[in-house]
Amino acid sequence: MDQTEIVNTIVGSLLEERALADDPRWDSVAVLATVTPHYADLTAYRYTGAEAGTATPLTGTEHQLFRDLQEATKGPDDQTWEVCIVKIERDTARGSVNFVYSDEAPIWQIDPADPTRLAENLRPRSEDFN
């Protein structure tokens, strides 16, 4: 699959997640995928209006999809991103995908001392979809 096909598969998989399908209130979702050669993790939050982000378990979206996306987006010097951020706005079906490389990746780590910081930093905003 090429990059576009993989992204479309990821988005489709995310929209079928039980936590999202069972919650008719959410209006946007953000997914943080961290992928290194030996580790892959998905962290997601769904948002309803100005309410705090709700941690959202992802049980059906496979980590391998993000590994495939990482491979498909590898730079000419074999540089790969370490963090991928996918945001989806439910009503408009707009989405965005951003890649973060290793030098900037630490800012997207979960901080046990401030767990709400990450959810708020990931919150989809209108400028994310321009």
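A brief structural summary.

Quick notes on the rules
- Residues numbered from 1 in each chain as written.
- Predicted model: local features only at pLDDT ≥ 70, side-chain atom pairs only at ≥ 80, totals over all residues.
- Heavy atoms only, no water.
- Core = buried A, V, L, I, M, F, W, Y, C linked by side-chain atoms within 4.5 Å.
- Buried < 20%, exposed > 50% of the residue type's maximum accessible area, 1.4 Å probe, protein only.
- Helix = DSSP H or I, 4+ residues; strand = E, 2+ residues; numbered from the N terminus.
- Contact = heavy atoms within 4.5 Å.
- Pairing = 2+ DSSP bridges.
- Axes fitted to C-alpha atoms, helices over the stretch in contact; angles between N-to-C directions.

1. Some remarks on the nonpolar core
Ile 10, Leu 14, Val 31, Phe 66, Leu 69, Cys 84 and Val 86 are the most contacted members of the largest nonpolar core, which has 20 residues in total. Among the secondary structure elements, those contributing two or more residues to this core are helix 1 (3–15), strand 1 (28–36), strand 2 (39–47), helix 3 (63–72) and strand 4 (83–89). In contact with Ile 10, not counting residues within four places along its chain, are Leu 65, Phe 66 and Leu 69. If you look at the next biggest cluster of nonpolar residues, it comprises 12 residues, including Val 83, Ile 85, Ala 119 and Leu 122.

2. What to know about the sheet that holds strand 4
Read across the sheet, five strands follow the order 3-2-1-4-5 without closing on themselves; strand pairing throughout is antiparallel. With one partner strand each, in any of the chains shown, strand 3 (54–55) and strand 5 (94–100) form the two edges of the open sheet. Two elements, strand 1 and strand 4, share seven bridges in a ladder whose sense is antiparallel. Its bridge partner lying in strand 4, Ser 28 is registered against Glu 89. Seen against the sheet, helix 1 touches strand 1, strand 4 and strand 5 and runs at an angle of roughly 60 degrees to strand 4.

That's the geometry; what it means functionally is another story.
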